[in-house]
Every structure is written in structure tokens, then in C-alpha cells.
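Observations on the three-dimensional arrangement
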Amino acid sequence: QWDGSSWVPTTPSGGGGSSYTVVTTSTTQATTSTTPSDVVQLTTPSLSSGLYRVHVTGLFQSASATNGAGFRLSAGTATVSLYVVDWEVQQGTNGTDQDYEYKQLAANPNVTSASVASANVNYRFNGFGIIRVSGAGTIKVQFRSELGGTATTIQADSVMIIEAL
């Protein structure tokens, strides 16, 4: 829920409904590595075992038009027995914007988009789906650069929302 200055975790009133956890980035974070790195501020508090709906959305920039970005959910301290997450990464080739899409069906995919239309411009990424936490703990978002040595930067105000089902 938006409290006027930031997103805060909420639990609906009335004795029923879902429980939401919302985490957001307040600063940018860059990587030049092809090895996925934790997005420091997109880690949940400890989640109990259960089924969760996940939505991750935000903006990223690439330092080069020939460099793409990769995103994934990863178990922090949790044990996750099911991942069904669809990722969309805005990109472009020859000046035409389009989305790169892939499904995360396992813990550690290492998939990236291939390019962006222009360097140092904001592009959108979205991840949405369900996960099953079978051992309580944290979940985190990770990202990587397609090309080693070329920066990919997550922008401030990127958000992960997790809803217990």
C-alpha cells in the first residue's frame, strides 16, 4: 500500500483475504557482470511456506545498445519448489522497440535480452507468476548484464510485490 511516500507491506482487514509484501528500490544499482547479482533492495522479508503470486516491475538502462539485461527470481534463504514466472524485457533492434520474453521454470535460468534500441535510456522489465515456498525464508530478484564489462543499471522505484495465495 502507498503511504504517501513509499510502498509498505499490508494485510487486508476483515479477517480474510491475502497478505501482500512490497519491496522497492530507492536507488540505482549497476552490474557489469554476466553472473546474476542480487538486486539489494528487492529481497523480501522471511516468507512462510505456501503458494505466492509474484509481480516484479521496474526500469533499467544499458550502457550500450548492443547489451541486453537478464532478470530472475532466486531463493534467498527460502526453499522454493515451484517457479512459474514469465519475464518481459523491453529491448530493440534496428531502432524498433519490442519485448524479449522468457519463462522461468527453475531456480537458476541465465537468460538475457540481446540489445536495447539506445544506450542510457529507460527500458521496462516485468516478471509475473507464481512460486511455491516449501521452506520459509527470503526471495530475491537478481539481474545481469548480457556482455561482461558493459553496465546494466536497475533504476530507482523498481518494485516486487508478493501475495500469499
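Report on the accompanying structure. All of these numbers come straight from a predicted model, not from anything done at the bench. The numbers attached to residues start from 1 for each chain and follow its sequence in the written order. The predicted origin of the model limits local features to residues at a pLDDT of at least 70 and limits the giving and counting of side-chain atom pairs to 80 or more, whereas totals for whole chains, interfaces and linings rest on all residues. The basis for the side-chain values is all heavy atoms of the structure; hydrogens and waters are excluded.

1. With respect to the overall build of the chain
Runs of H or I in DSSP of at least four residues are treated as helices and runs of E of at least two as strands, each being numbered from the N terminus. When its secondary structure is counted, the chain shows zero helices and 11 strands. Scanning the chain from its N terminus toward the C terminus, one meets helices and strands in the order β-β-β-β-β-β-β-β-β-β-β. The classification of residues rests on relative accessible area computed with a 1.4 Å probe and restricted to protein chains. Under 20% of the type maximum is buried, over 50% is exposed, and intermediate values are partly exposed. Within the chain, the fraction of its 165 residues that count as buried is 44%.

2. Section: the pattern of salt bridges
In what follows, salt bridge is the name for a side-chain nitrogen of Lys or Arg lying within 4 Å of a carboxyl oxygen of Asp or Glu. Under the counting rule described, the total for this entry stands at five salt bridges. In this structure, Glu163 and Arg53 form a salt bridge, with 2.8 Å as the shortest nitrogen-oxygen distance. Taken together, the residues Glu163 in strand β11 (residues 159-164) and Arg53 in strand β4 (residues 50-62) connect sequence positions 110 residues apart. Members of the salt-bridge network, linked through shared partners, are Glu88, Asp99 and Arg124.

3. Focus on the pairing of strand β9 (residues 139-145)
Along β9, seven of the seven residues are buried, which leaves the element largely enclosed by surrounding structure. Of the two faces of β9, the one carrying Ile139, Val141, Phe143 and Ser145 and the one carrying Lys140, Gln142 and Arg144 are both buried. As paired elements, strand β3 (residues 37-43) and β9 share three bridges and run antiparallel to each other. Across the sheet, the residue bridging to Asp38 is Gln142, located in β9. Pairing between strands is defined by DSSP: at least two bridges between the two strands are required.

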